[in-house]
Amino acid sequence: MNHQSLHKPGFVQETGLPILEPLLDPVIRTLATEQQSKLHDWVGSYGSPLNMVFPHTIGINHARLAGVLDAHAVKSKIFYAAKVNKSHSLVAEAVQCGLGVDVSSRFELRDALDAGCAGGDICASGPAKGDTFHHELIAVNALISIDSAEELEDLLALLTDELSGTKARILLRFRPASNKHSRFGIPHEQLHACLQVVAQNTDRLAFEGFHFHLGGYRADNRVEALIELSDWIMVAREYGLRVEMLDIGGGLPIRYLDAGTYADFIDVQTSSHYRNGKVPGSYYPYGGPNEADDWLDQFLSATGPSSKSVAQYLKDEGITLALEPGRSLVDQSAITVFRIARTKRQPDGSFVLFVEGSSFSACETWFASEFLIDPILVPAASSTREQDGSVRAYIAGHSCLEEDVITNRLLPFPFQPLAGDLLVYANTAGYQMDLLENEFHRVPMPRRVSISADLATVQPDDHKGASR
Ligand SMILES: *Cc1c(COP(=O)(O)O)cnc(C)c1O
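Reading the values: rules and limits
- Residues numbered from 1 in each chain as written.
- Predicted model: local features only at pLDDT ≥ 70, side-chain atom pairs only at ≥ 80, totals over all residues.
- Heavy atoms only, no water.
- Helix = DSSP H or I, 4+ residues; strand = E, 2+ residues; numbered from the N terminus.
- Rg over C-alpha atoms; globule rule 2.2 N^0.38 Å.
- Buried < 20%, exposed > 50% of the residue type's maximum accessible area, 1.4 Å probe, protein only.
- Contact = heavy atoms within 4.5 Å.
- Areas by Shrake-Rupley, 256 points an atom, 1.4 Å probe, with all protein chains shown as cover.
- Lys, Arg positive; Asp, Glu negative; His and termini not counted.
- Charge placed at Lys NZ, Arg CZ, Asp CG, Glu CD.
- Salt bridge = Lys/Arg side-chain N within 4 Å of Asp/Glu carboxyl O.
- Axes fitted to C-alpha atoms, helices over the stretch in contact; angles between N-to-C directions.
- Parallel < 35°, antiparallel > 145°, perpendicular 65-115°, else oblique.
- Left-handed = near helix turned anticlockwise from the far one by under 90°.
- Nonpolar A, V, L, I, M, F, W, Y, C, P; charged D, E, K, R; others polar.
- Core = buried A, V, L, I, M, F, W, Y, C linked by side-chain atoms within 4.5 Å.

> If you had to explain the overall build of the protein chain to someone new, which residues and values would you point to?
Each helix and strand counted, the protein chain has twelve helices and 21 strands in total. Over its C-alpha atoms the protein chain spans a radius of gyration of 24 Å, differing by no more than 12% from the 23 Å that the globule rule assigns to 468 residues. Projected onto its principal axes, the C-alpha positions of the protein chain cover 75 × 50 × 40 Å. Looking at the 468 residues of the protein chain, the share that counts as buried comes to 55%. Considering only contacts in the protein chain between residues 6 or more positions apart, those separated by 24 or more positions represent 72%. A total accessible area of about 19,300 Å² is found for the protein chain, and carbon and sulfur atoms account for 49% of it. If the 40 positive side-chain charges of the protein chain are averaged to one point and the 59 negative ones to another, these points end up 2 Å apart.

> Give a description of the pattern of salt bridges that names residues and reports values.
Under the counting rule described, the total for this entry stands at 20 salt bridges. Salt-bridge contacts for E136 lead to R106; the nearest nitrogen and oxygen are separated by 3.3 Å. A residue pair is termed long-range when its members are at least 10 positions apart, and E136 in helix 6 (residues 131-139) and R106 in helix 5 (residues 106-114) qualify at 30 residues. Salt-bridge contacts for K129 lead to E151; the nearest nitrogen and oxygen are separated by 3.1 Å. Pair noted here: K129 is in the loop between strand 8 (122-124) and helix 6 and E151 is in helix 7 (residues 149-160), with a separation of 22 residues, a long-range link. There is no split in this pair, since K129 and E151 are both buried. Residues participating in the shared-partner salt-bridge network are R64, R255, E291 and D293.

> Now, about the packing of helix 5 against helix 6: what can you tell me, with residues and values included?
The interhelical angle for the contact between helix 5 and helix 6, taken along N-to-C directions, is 20°, at an axis separation of 10 Å. With respect to helix 6, the axis of helix 5 lies roughly parallel. Note on packing geometry: the crossing formed by helix 5 with helix 6 is left-handed. Residues R106, L109 and R110 of helix 5 pack against T132, F133, E136 and L137 of helix 6. Residue composition of the contact of helix 5 with helix 6, grouped by class: three nonpolar, one polar and three charged.

> Residues and numbers for the nonpolar core, please.
Counting 80 residues, the largest nonpolar core has I170, L172, F207, F210, L300 and L314 as the members making the most contacts within it. The element best represented in this core is helix 9 (residues 220-238), accounting for eight residues. Dropping the residues within four chain positions of it, L314 is found in contact with V74, L226, L246, L300, I319 and L321. Listed in part, the 50 residues of the second largest apolar core include L24, F265, I335 and I340.

In structure tokens form, the structure reads like this:
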């Protein structure tokens, strides 16, 4: 564990509000605490909010997963789920680390190829892949996860007409019983027929195995799904098909703050801690009991099919375990820095901090939830202020939407933040910083820059905009 908290967990006494210190990668910690002038310089050059990406973190996250896979001696293949963040430099780093890429659009496919990923190391998931996407995937020999009987039909038609003489590498995506209300994957009822179709068309389809991806962050429902699938692996073999790969998707959890601090917070928080008087109904498990490596170890150690451990089962069956981690490969991979544009005192003595930027760049409130770590306050170098007198404040975007609130949670600050100060949100790479970003009010898209691990080089890493 090399993340470090800035302070001990606790409360800012005068405000009565709990502190939720983010865990920080050591490089990011150095930037946020010892090299704050760099942050001001970069926001000065690139504007606010500024999305800063730290590609070195991918290698750290990969190494932790690889350590568990090695310890269990299972054959494995990791595909980086590119949808988690639009940064090209993160895809490029994943490819540098020897990972494949999981793509869900033609544009993600092209980004992966531009990053130097071999077509054969690309896996395509997604429920609505059309002919054009299939074409491009087959052209580079990518692995296609078939989401439905209908997709299988369409793919076969394509391989019969326009692409006759070509073979497509496929997985069948399975819909486990625990997910029976999901629209993704092939339900039990149709799997038999699909396997039969695959077995009848081995001249056009190179079947490699099965895939699933579950919502939520528990390891045990992945074990259950694998146990269900083990029966289908036998059915596939009865059809003469070889099952080489089992792809269990993503959903490996990460931790944004100390687990004890998080648990205490969940216990003590009340509606008075929120400016709108509402405790959100659900959150990502920000300080959950497991991180991705613990999760993977639990999965592989659990009792799987035939009362063997999952790891032993995979080894005995000669099956490669594939993973498609998104969020867990970009743990600590970005921070988002907002500059405060204006502060406004409220009748109850608390403050609103209006930032340059909007909640589309820190988007949990749009999902009726909250990002449960505190931003780090980096005062403007030139300003002088009284160090005493803590304040409560919430953070709003610059737009005219009442809903444009970055955090409804009242945050404790040791002194009053002022215009020109920076607020640094840690760990925003995973579905946080750029999922909903847009040009509302005609404000240009936030910039993204890629920062080297020695903090010496900054490179623009903006999305180029894809041509159709
Ligand atoms: C989104 C997605 C992933 C990545 O999920 P994370 O929770 O980010 O790890 C992997 N596979 C599929 C099929 C997905 O849709």
